[in-house]
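The residues making up each chain are set out below.
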Amino acid sequence: MDASAADPGDGLVEVELTAHHREAGEDYLPGAKIRVSTKRAAALRWSGRAKP
C-alpha cells in the first residue's frame, strides 16, 4: 500500500523509512513502511528519515 491508498478518513499515511527509527516504542529498520499522521510523515520526510 502507498500513501495514496491510505484511508483518507483516518488521517494516516504510509511512509517508507530511509533510516532506523523508533515510533511508539517500536524499532523500525530502513525500508520499513509505517503508518503515521500526515504531520508526523511530513516531519520524517523533512528530516530525511522517510522517502519524499
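Heads up: these notes are all about the structure in this document.

## Considerations on unusual backbone geometry
Phase 1: Its identity is not glycine, yet A24 carries a phi of approximately 55°, on the positive side.
Phase 2: Positionally, A24 belongs in the loop between β2 (21-23) and β3 (26-28).

## Examining the environment of R40
Phase 1: Structurally, R40 can be placed in helix α1 (residues 38-46).
Phase 2: Relative accessible area serves as the criterion here: at 32%, R40 is assigned to the partly exposed category.
Phase 3: Distance from R40 to V15, taken between C-alpha atoms, is 9.8 Å for residues 25 residues apart in sequence.
Phase 4: Residues in contact with R40, not counting those within four places in the same chain, are H21 and E23.
Phase 5: Separated by 3.2 Å, the side chains of R40 and E23 make a polar contact.

## A short note on the side chain of H21
Phase 1: In this fold, H21 is placed in strand β2.
Phase 2: One polar contact links H21 to E23, side chain to side chain, over a distance of 2.9 Å.
Phase 3: Setting aside anything within four residues of it in sequence, one finds H21 in contact with E26, D27, Y28, I34, R40, L44 and R49.

## Considerations on the nonpolar core
Phase 1: In terms of nonpolar packing, the biggest core is built from 8 residues, these being V13, V15, L17, I34, V36, A41, L44 and A50.
Phase 2: Of all elements in the fold, only β1 (12-16), β4 (33-37) and α1 reach the threshold of two or more residues within this core.

Criteria and cut-off values
- Residues numbered from 1 in each chain as written.
- Predicted model: local features only at pLDDT ≥ 70, side-chain atom pairs only at ≥ 80, totals over all residues.
- Heavy atoms only, no water.
- Helix = DSSP H or I, 4+ residues; strand = E, 2+ residues; numbered from the N terminus.
- Buried < 20%, exposed > 50% of the residue type's maximum accessible area, 1.4 Å probe, protein only.
- Contact = heavy atoms within 4.5 Å.
- Polar contact = N/O pair within 3.5 Å; in protein donor to acceptor, adjacent residues only side chain to side chain.
- Core = buried A, V, L, I, M, F, W, Y, C linked by side-chain atoms within 4.5 Å.

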